[in-house]
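# Descriptive analysis of the structure
For reference, the chains in residue letters:
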Amino acid sequence: MNLIFLGAPGAGKGTQAEIVCEKLGIPAISTGNMLREAVKNGTPAGLAAKERMDKGDLVPDEIVIGILKDRIAMDDAKNGFILDGFPRTVAQAEALDAMGVQIDKVIEIYVPDEAICARLSGRRVCEGCGNSYHVDFKPTKVDGVCDACGAKVVQRVDDKPETVLSRLATYQEKTAPLKDYYSAKGKLKTVVGQDEISDTAKLTLEAIEG
Ligand code: AMP
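This write-up is about the structure you can find in this document. Residue numbers here run from 1 along each chain, matching the order of that chain's written sequence. Only residues with pLDDT of 70 or above have their local features reported here, since the model is predicted, and side-chain atom pairs are shown and tallied only from 80 upward, although totals for entire chains, interfaces and linings are computed over all residues. Remark: hydrogens and water are excluded; side-chain values derive from all non-hydrogen atoms of the structure.

### Digging into the packing of aromatic side chains
This is how it is decided: Only centres within 6.5 Å qualify two rings of Phe, Tyr or Trp (six-membered ring in Trp) as a pair; their planes then separate them into stacked at under 30 degrees, edge-to-face at over 60, and tilted for everything else. The rule for a charge over a ring is simple: NZ of Lys or CZ of Arg within 6 Å of the ring centre, and within 35 degrees of the ring normal.
Inspection of the entire model under this criterion finds 1 aromatic pair. Taking NZ or CZ as reference, Lys 138 lies 5.2 Å from the ring centre of Tyr 133, over its face.

### Quick look at the site of the ligand
Here is the rule we go by: Each residue is tested against the molecule or strand, and it is near if at least one of its non-hydrogen atoms lies within 4 Å. Pairs of N or O atoms within 3.5 Å make up the polar contacts considered here, provided that, within protein, one atom can donate a hydrogen while the other can accept it, and that residues adjacent in sequence are counted only when both atoms are side-chain atoms. Here, Shrake-Rupley sampling with a 1.4 Å probe gives the accessible areas, and only protein chains in the shown set may cover a residue.
Around the ligand, a shell composed of 16 residues is seen, among which Thr 31, Arg 36, Asp 57, Gly 85 and Gln 92 lie nearest. Arg 36 places a polar side-chain atom, nitrogen or oxygen, 2.9 Å from an oxygen atom of the ligand. Val 59 has a polar backbone atom sitting 3.0 Å from a nitrogen atom of the ligand. Out of a free accessible area of 480 Å², the ligand has 96% covered by protein chains.

### As for the packing of helix α4 (residues 61-72) against helix α5 (residues 90-98)
Definition in use: Here an axis means a line fitted to C-alpha atoms, over the contact stretch when the element is a helix, while the angle between two N-to-C directions is reported on a 0 to 180 degree scale. Put simply, DSSP marks the helices as runs of H or I at least four residues long and the strands as runs of E at least two long, and each gets a number from the N terminus on. By definition, any crossing whose near helix is turned counterclockwise from its far helix by less than a right angle is left-handed, and any crossing with a clockwise turn is right-handed. Every residue pair with non-hydrogen atoms within 4.5 Å of one another is taken to be in contact.
It is at 10 Å that the axes of α4 and α5 come closest, and there the two elements cross at 35°. In this structure, the crossing between α4 and α5 has a hand that is right-handed. Each of Asp 61, Val 64, Ile 65, Leu 68 and Ile 72 in α4 lies in contact with α5, whose residues at this interface are Ala 91, Gln 92, Ala 95 and Leu 96.

Right under this line is the structure:
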């Protein structure tokens, strides 16, 4: 099963992908996590991406498409995967098609902009494994320490309020057109993000199975 999770930053794609990938036994592939890792390791892709990521701009298609192509060719993705944060432009969706990747379903997680801002200000991510947390809705068991791998949990530079608005504008301009792209192919399902993570997970699984 090849799935795409679509939605504005902070809608809960990563959190839902972490839950659903365990249930379905397929990896969750987050281009944002891979790019942050590349930045941390100072790879050529990371160096090229850092400035744009810090500003909340998209990284050029050719860089992200290259990273994604290598990742989905890996063994653990042979039986399917969940893409979280890719594609983010119509050009990236067309690149997936050109790679011959069959997408089964695209799940849009919809959350209104006002709620997004509140969610992002409390979001924290693990520097080690990329797991996401929220100071109120999904706190770590030990303050500042990842439950999964024990690494430090921090606020992302691009989750600061001044960057969030520009990321939302970028989403509307560049990524929201993908809803029409996949709707025209009969693949789009929309889930309304709920306050409780487990409620959204239930709706997400229903949308995938239905
Ligand atoms: P995310 O963790 O998905 O919010 O991504 C964090 C940042 O990484 C984004 O604001 C972009 O700068 C970059 N990024 C992640 N995925 C993509 C993508 N598919 N296309 C372009 N830039 C991306």
